[in-house]
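# Summary of the model geometry
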Amino acid sequence: MGIPKILIVDDRPENLLALEGLLEQFNIDLIKANSGEEALAHTLDHEFALILLDVQMPGMDGYEVAELMRGNKKNRHIPIIFVTAASKASAHVFKGYESGAVDYLFKPLIPMVFQSKVGVFIELFQQKEALREKTQEFNRKLIELEELQQQLEETNEQLLMLSTTDGLTGLLNRRRFDEIFNAEWKRGIRAQRPLSLIMLDIDHFKAYNDTYGHQVGDDCLREVARTLSSIPLRELDRFARIGGEEFAIILPETDSKGAMQVAKRIIESIEILSKPHSSSPSSNHLTVSVGVATVIPNSEISSRKLMEVADDALYEAKHNGRNGCCSLALSEKVSALTAAPAFS
Ligand SMILES: [Mg+2]
């Protein structure tokens, strides 16, 4: 906080000297003017805590100076004390207040009264300054806080993305797949609507990696992911990469017929790619095998069972020569697997 500035205005040098003497005890920056014009010029360069203004001056008198100061937005709130040798007639006093005086002192000044008044204005100015600084600091902190909050939100979003997305393909990862799958399973139990699960696997992907290298293998996984993502599905159908070259799609409210249509579209879309796979024993280009499983979920069985059956269907598709799909309904498997351990 800077030292408060006080402007004293009087046309007579001896009066300025007297005022200076009375103000000696204060830690202030004192600026003097011997005319109204000079006083106005100083208000352009400084911000004053208080102006002590002589009323009787040749040329522009104290009232005119005060009125001009009040007319300026920057100076409107600077306190002015008129200092006059004129009579104490109330008409004079009122004129002073009209032109914006906050106080009125009569010559000869009584030092104690004068000094205590000035002291009050200095204190008020310092309080105002302190408040302004606090407000500025508060605003700075507020901006900092808003920036921090934004950073935090961005970090959280990135974290969420990282924790739910497969880094290589940008598809949902295994963790997020499990969450969604379990949620859809529960929803299926409540709604008693069919839930289908598709599992697919790139045929002879190990041979692909061995032939072209892992870098090209990764590119291939990305391309397959992009191709799968471009298949038009409903918003509630979710693609995920659940293993090295294994992908899955959750198809809520979809029966096996609907799921098979999606499976066929998957096989076609990979066929259309015509991506060379010179070391594939079953084709000269890249192909996928697709397993489909469908069930109306119920609380008697575990959601895991549907995944096992989809996996069985995928195995069947592989067994049948690959580049094809196979569908199994869970009910058939359940009855066929009665000897299996309890589904939990
Ligand atoms: Mg005078």
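All of these numbers come straight from a predicted model, not from anything done at the bench.

On the surface, a cluster of negative charge is made up of Glu 37, Glu 64, Glu 67 and Glu 98. Summarising the element assignment, Glu 98 is placed in helix H4 (residues 90-98). Glu 98 sits in the exposed class, given a relative accessible area of 69%.

Our next topic: the layout of surface pockets. Unfilled space is identified by rolling a water-sized probe across the atoms. Put simply, the largest pocket is a space of about 220 Å³. The wall of the largest pocket is formed by Glu 47, Phe 48, Ala 49, Lys 74, His 77, Ile 78, Pro 79, Phe 121, Leu 124, Phe 125, Lys 128 and Arg 132. Here the residues of the lining of the largest pocket are counted per class, giving 7 nonpolar, 1 polar and 4 charged.

Let us look at the packing of aromatic side chains. All told, the structure shown has 7 aromatic pairs when counted by the stated rule. Both rings, one in Tyr 104 and one in Phe 106, keep their centres 5.4 Å apart while their planes meet at 40°; by these two values the pair is tilted. Both rings, one in Tyr 208 and one in Tyr 212, keep their centres 4.5 Å apart while their planes meet at 45°; by these two values the pair is tilted. Of this pair, Tyr 208 and Tyr 212 both sit in helix H7 (residues 205-212), 4 residues apart, which is roughly one turn of the helix. Given the relative accessible area of 2%, Tyr 208 is considered buried. Here Tyr 212 falls in the partly exposed class, since its relative accessible area comes to 29%. Among the aromatic residues, those joined into a cluster by ring pairs are Tyr 63, Phe 82, Tyr 104 and Phe 106.

Here 4 bridges tie strand E7 (residues 238-241) to strand E8 (residues 246-252), and the two strands are oriented antiparallel to one another. Bridge assignment links Arg 241 to a residue of E8, and that residue is Phe 247.

A word on the packing of helix H2 (residues 36-45) against helix H3 (residues 62-71). Contact geometry for H2 and H3: axes closest at 10 Å, N-to-C directions at 20°. Here H2 is positioned roughly parallel relative to H3, judged by the angle of their axes. The two elements H2 and H3 cross, and the hand of that crossing is right-handed. Across the interface between the two elements, Gly 36, Ala 39, Leu 40 and Thr 43 from H2 touch Val 65, Leu 68 and Met 69 from H3. For the contact of H2 with H3, the per-class residue count stands at 5 nonpolar, 2 polar and no charged.

What counts and what doesn't
- Residues numbered from 1 in each chain as written.
- Predicted model: local features only at pLDDT ≥ 70, side-chain atom pairs only at ≥ 80, totals over all residues.
- Heavy atoms only, no water.
- Patch = residues over 30% accessible without salt bridge, like charges linked within 9 Å, V, L, I, M, F, W, Y side chains within 5 Å.
- Areas by Shrake-Rupley, 256 points an atom, 1.4 Å probe, with all protein chains shown as cover.
- Salt bridge = Lys/Arg side-chain N within 4 Å of Asp/Glu carboxyl O.
- Lys, Arg positive; Asp, Glu negative; His and termini not counted.
- Charge placed at Lys NZ, Arg CZ, Asp CG, Glu CD.
- Helix = DSSP H or I, 4+ residues; strand = E, 2+ residues; numbered from the N terminus.
- Buried < 20%, exposed > 50% of the residue type's maximum accessible area, 1.4 Å probe, protein only.
- 1 Å grid on protein atoms, 1.4 Å probe; cavity = no way out; pocket = protein on both sides within 12 Å on 5 of 7 lines; lining within 4 Å.
- Points joined across faces, edges and corners; volume = space filled by probe spheres on them.
- Nonpolar A, V, L, I, M, F, W, Y, C, P; charged D, E, K, R; others polar.
- Phe/Tyr/Trp six-rings, centres within 6.5 Å; stacked < 30°, edge-to-face > 60°.
- Pairing = 2+ DSSP bridges.
- Axes fitted to C-alpha atoms, helices over the stretch in contact; angles between N-to-C directions.
- Parallel < 35°, antiparallel > 145°, perpendicular 65-115°, else oblique.
- Left-handed = near helix turned anticlockwise from the far one by under 90°.
- Contact = heavy atoms within 4.5 Å.

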